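Geometric and topological summary
Each chain, written out:
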Amino acid sequence: MMEKSFSFLSLMFSGALFGFFYAWVCSTMWGLDATDPRVAIQAMQAMNGSIRNAVFAPVFFGTVVVLGIASVVQFAKGQRVAAGWFLAATITTLLFNNVMTFTILVPMNEALGLVVVPDSLDEAEAIWSAYSDPWKVRNYIRTAGCGLALALTAIGVLSGRSTA
């Protein structure tokens, strides 16, 4: 029973994490890019400030933990193949979510957070373009990695079911 609980939680958490980053890819950044860059800078600063919250933290920090526990539980139950898929998902999530976010995207966000929004539209456009385009590329990579982790998790769930 415990392996099914952690398998299910792993799938839910991985899906939530991928979905969160995917929303940034297909709506949030497009919307910000389409608005006045002064507004985009202010909005991104506000969003970056609000993301550290008790609702998002369990998914952001907990996904790799739940995946790791699922791997250990599957291994302990003799489900070596499922355990391997969950371990692969754990490592993928750790690299693309945790490491990439903290080493690349958070520093970019913190640098933008220090920016005083200029009155000049041209200056704001230069600041926003210098931030948005590189940030989007890195978020595409993070999102693809989290999507891969979700797929690996789903394979782990299915392989655990087929031999149970």
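Below is a short write-up of the structure.

Cut-offs applied
- Residues numbered from 1 in each chain as written.
- Predicted model: local features only at pLDDT ≥ 70, side-chain atom pairs only at ≥ 80, totals over all residues.
- Heavy atoms only, no water.
- Helix = DSSP H or I, 4+ residues; strand = E, 2+ residues; numbered from the N terminus.
- Buried < 20%, exposed > 50% of the residue type's maximum accessible area, 1.4 Å probe, protein only.
- Contact = heavy atoms within 4.5 Å.
- Areas by Shrake-Rupley, 256 points an atom, 1.4 Å probe, with all protein chains shown as cover.
- Phe/Tyr/Trp six-rings, centres within 6.5 Å; stacked < 30°, edge-to-face > 60°.
- Lys NZ or Arg CZ within 6 Å of the ring centre and 35° of its normal.
- Expected span 1.5 Å × (residues − 1).
- Arc of directions from axis to C-beta.

Considering the overall build of the protein
When helices and strands are counted, the protein shows 5 helices and 0 strands. Oriented by its inertia axes, the alpha-carbon framework of the protein measures out at about 65 × 25 × 20 Å. Counting over 164 residues, the protein shows a buried share of 40%. Pairs at least 24 residues apart make up 84% of the contacts formed inside the protein by residues separated by at least 6 positions. Here the protein has roughly 8500 Å² of accessible surface; of this, 72% comes from carbon and sulfur atoms.

Things to note about the packing of aromatic side chains
According to the stated counting rule, one finds 11 aromatic pairs in the structure shown. Ring geometry for Phe60 versus Phe61: centroids 4.9 Å apart, planes at 85°, classification edge-to-face. On the numbers, 6.4 Å between centres and 25° between planes, the contact of Tyr131 with Trp135 is stacked. Here Tyr131 pairs with Trp135, and both are found in helix α5 (residues 121-162), just 4 residues apart, close to one helical turn. The class for Tyr131 is buried, based on a relative accessible area of 5%. Directly above the aromatic system of Phe75 lies the positively charged group of Arg80, at a separation of 4.2 Å from the ring centroid. Cation over ring: Arg142 sits above Phe21, and NZ or CZ is 3.8 Å from the ring centre.

A closer look at helix α2 (residues 37-50)
When the terminal C-alpha atoms of α2 are compared, their 20 Å separation across 14 residues agrees well with the 20 Å that a helix rising 1.5 Å per residue should span. What α2 keeps buried is the set Pro37, Ala40, Ile41, Met44 and Asn48. Axial view of α2: buried residues confined to an arc of 100°, hence all on one face.

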